Every structure is written in C-alpha cells, then in structure tokens.
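In case you want the letters, here they are:
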Amino acid sequence: MKIVTKTSLKKLLRDELALSDSAAQASIELIFDEIMRATAIGDEVKITGFGKFSRILRQPSTARNPRTGERVSLPARYTPRFAAGKTFRDRVDALSR
C-alpha cells in the first residue's frame, strides 16, 4: 500500500503539468487552504465526482478517561465531514476488486 502525501502530489503536478516546485507547492497549499477555510466558516465545498466537504456540530457529551475511569465532559464542537461522490465510490469499488 502506498501513501499519498503533499510531496507526492507536488511531484505529480510537477511531472504531469510541467510546473515548477514552487508553483506546484503553491497550488496544493491554495487548494487545501481554501477547502479548510470554506469548511471552517460553514460553507460546503462540492467537487463534482470527488465529494463534498462540510462541517457538523457535535453535541456536548460525557466520556470516560480510560486510564482513571473518571467521567469527563466534552463541549460542543464543530468537526469536518467528507462524503465521497458517486464517481469516487465507484472507482474505489472497481479498483478494489
């Protein structure tokens, strides 16, 4: 199993699109930063065929510290959510067989 990283994406952009290292790095940072910024302020990011990024509000809850067994209150918080698009799901299924 191979792990895709920002560095491997930068190399892919550099090789496939003949971008310089700095242009490839800037492109990756710009895209990821915009996805995170939009999601953080409550906008949905929809990339057709890939998926949708959004945020959800997790309600306050109570958990246990596994080491001590002590009950701990967890405050409400926003967390990112990703839902894969149909093309993405279909490709993963096809390539996994």
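To start, this report covers the structure provided alongside it. These numbers were taken from a predicted model, which means no experiment stands behind them. (Residues numbered from 1 in each chain as written. Predicted model: local features only at pLDDT ≥ 70, side-chain atom pairs only at ≥ 80, totals over all residues. Heavy atoms only, no water.)

Here we take up the sheet that holds strand 1 (residues 45-47). If you trace the three strands from one edge of the open sheet to the other, you get 1-2-5, paired in antiparallel fashion. With partners counted over all chains shown, the strands left at the sheet margins are strand 1 and strand 5 (77-84), one partner each. Each adjacent strand pair in this sheet contributes to an overall mean axis angle of 25°, direction not counted. Note that strand 1 and strand 2 (residues 51-58) share three bridges and pair antiparallel. Directly across from Val45, in strand 2, lies its bridge partner Phe53. Sheet contacts for helix 2 (residues 21-40): strand 1, strand 2 and strand 5; angle to strand 2, the most-contacted strand, approximately 40°. (Pairing = 2+ DSSP bridges. Helix = DSSP H or I, 4+ residues; strand = E, 2+ residues; numbered from the N terminus. Axes fitted to C-alpha atoms, helices over the stretch in contact; angles between N-to-C directions. Contact = heavy atoms within 4.5 Å.)

Turning our attention to the pattern of salt bridges. Applying the stated criterion across every chain, the model contains nine salt bridges. For Glu44, the salt bridge goes to Lys46, with nearest N and O atoms at 3.8 Å. One continuous salt-bridge network, built from bridges that share partners, spans Lys11, Arg14, Asp15 and Asp21. (Salt bridge = Lys/Arg side-chain N within 4 Å of Asp/Glu carboxyl O.)

Keep in mind these values describe shape, not function.
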